[in-house]
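What follows is each chain in one-letter form.
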Amino acid sequence: MNHFNPVTPALVADLKNVLGERFVSLDPDKLEAYKTDEEANPKYHHLPDVVVFPETTEQVAAIVRLANQYVVPVTPRGAGTGLAGGAIPVFGGIVLVLDRMDKILEFNEDSLYVVTQAGVRTHEIQQKAKSRGLLYAGDPCSSDSCQIGGNVVTNAGGNRAVKYGTTRDQVYSMEVVTPEGEIVTVGSRLAKKSTGYALEQLIAGSEGTLGIVTQVTLKLKPLPPHTMDMLAIFTNMEQALSLPNQIVKAGLSPMSMEFMDNKALRSCARYIKVDLPYATKDGLYVIITVDGLTEDEIDRKAEMLDEICTAGGAVELLMADEDRIWKARRNFAEAARADSLVYYAEDIVVPVDKIAELMQKLPELESKFGIATTTAAHIGDGNIHVNALKGDIPDAVWNAKLDEFHQELYGFVYQLGGRLSGEHGIGSKKVKEMEMFTHPVELKLMRAIKKAIDPMGILNPGKIFN
């Protein structure tokens, strides 16, 4: 049971008064398109009652005020590239699409910041920064298609998080529409601030449950003039996963450290139709990116990496080229979908020194529950992506097996000091597990925050917790 009202003709008429008839849709095909994000399992799909396309923050605020007036839920949506069901309208109602808010408003090269609307593609920000000799450090794997607003509210991570942090660490401030339809700017363009609660840090990662981000001011950095991508190939899992701490202890500060297990290599090789080194020889990949101010600095770091990797058991060291190695890594999720249309993208995170223990546990769980997996990971920060593949398993059997698999996997993750999500979020898919594995007092605090900020509970309900 829920307390929400159905969408009525009166509400639709009011929405059209705010947006114009063209930007309010009841078309069944349009509604069908917004029943899910990247989730292919129909178990999680829900149709909205109406889809709206605002162009301004003021329009977003007016929609939210109407939702409160009519007691109808609102599900904010960016590009729909999420993997946790965060943009799925669990209780129907209004899906609010931010696609039209797609402008970069200010780009300040001298003061190193950019002001952008929420619907701008992350790749566009990255490319604009690069063209000016600057770096926007946020780099989720879906950067070509995802939107910056979605990055903020899920606190997206990605390949560079080991050095630069997650999206939260790239944000100065944001313009937000509150769950009651007020407009506020939280945070500020300051190097430090101890003035009350850091609301911008709270809203980043809140998955659209505490406010709708419509505009964000992001940090820029100088673009490193030189980078190098090295591929270290291992055949021993423990040796491969001991590499991150060895590299950090040596004083190197890599931009990224990525891992792919052999099943992922084979899957990606099939998908992108290339031969990957050692894919047929039980190879395991660790991709390391370092940057530097001079070529001499890069050469010195390359020598150090060579020594560390060789001493650590690497069977071969190669340059990680864009057309094969990085293309394979970036297509990890797409390759899994090609192998199995329905799959479950895990996003678990553990302390870096516990990754090897987790990876040793996976074959045991695969065998026990009859679930095939492929694994890639941001091993520099302990974020492991395990794709559990459905294949030809009947739906009912798959869903039961997956629940059992999760019980044991997540229990082990928490024993290691880990958590359910490193970057994808809880969304609607992990609500049960969130309530099962999170300390009751921690949940109580989260619920109190949600209740205080969103007393009607209209903003993205059914996400994170019930």
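Residues numbered from 1 in each chain as written. Predicted model: local features only at pLDDT ≥ 70, side-chain atom pairs only at ≥ 80, totals over all residues. Heavy atoms only, no water.

Chemist: Help me out: how do you make sense of the sheet that holds strand β4 (residues 94–97) in this one?
Modeler: In a beta sheet, neighbouring strands pair by backbone hydrogen bonds and run either parallel or antiparallel. Spatial ordering of the open sheet is given by β1-β2-β4-β3, a layout of four strands whose pairing is mixed. The open sheet is flanked by β1 (24–25) and β3 (74–77), the only strands paired with a single partner. Here two bridges tie β1 to strand β2 (residues 50–52), and the two strands are oriented antiparallel to one another. What sits directly across from S25, in β2, is V51. (Pairing = 2+ DSSP bridges. Helix = DSSP H or I, 4+ residues; strand = E, 2+ residues; numbered from the N terminus.)

Chemist: For this particular structure, what's the right way to read the domain arrangement of the protein chain?
Modeler: When the parts of a complex come together, some accessible area is lost, and that lost area is often used as the size of the interface. What the domain assignment lists for the protein chain is domain 1 (9–100), domain 2 (104–222) and domain 3 (226–416). On a C-alpha basis, the centroid separation for the pair domain 1 and domain 3 is 36 Å. Domain 1 puts seven residues into the contact, and the matching count from domain 3 is eight residues. Buried surface at the junction of domain 1 and domain 3, summed over both partners, amounts to about 610 Å²; 46% is from carbon and sulfur atoms. Summed over the shared surface of domain 1 and domain 3, the number is one salt bridge. We note a salt bridge from R337 to E38, for which the minimum N-O separation is 3.3 Å. Applying the counting criterion to the domain 1 and domain 3 interface returns two residue pairs in polar contact (both at pLDDT 80 or more). (Domains from an automatic or database assignment. Contact = heavy atoms within 4.5 Å. Buried area = accessible area lost by both parts, 1.4 Å probe. Salt bridge = Lys/Arg side-chain N within 4 Å of Asp/Glu carboxyl O. Polar contact = N/O pair within 3.5 Å; in protein donor to acceptor, adjacent residues only side chain to side chain.)

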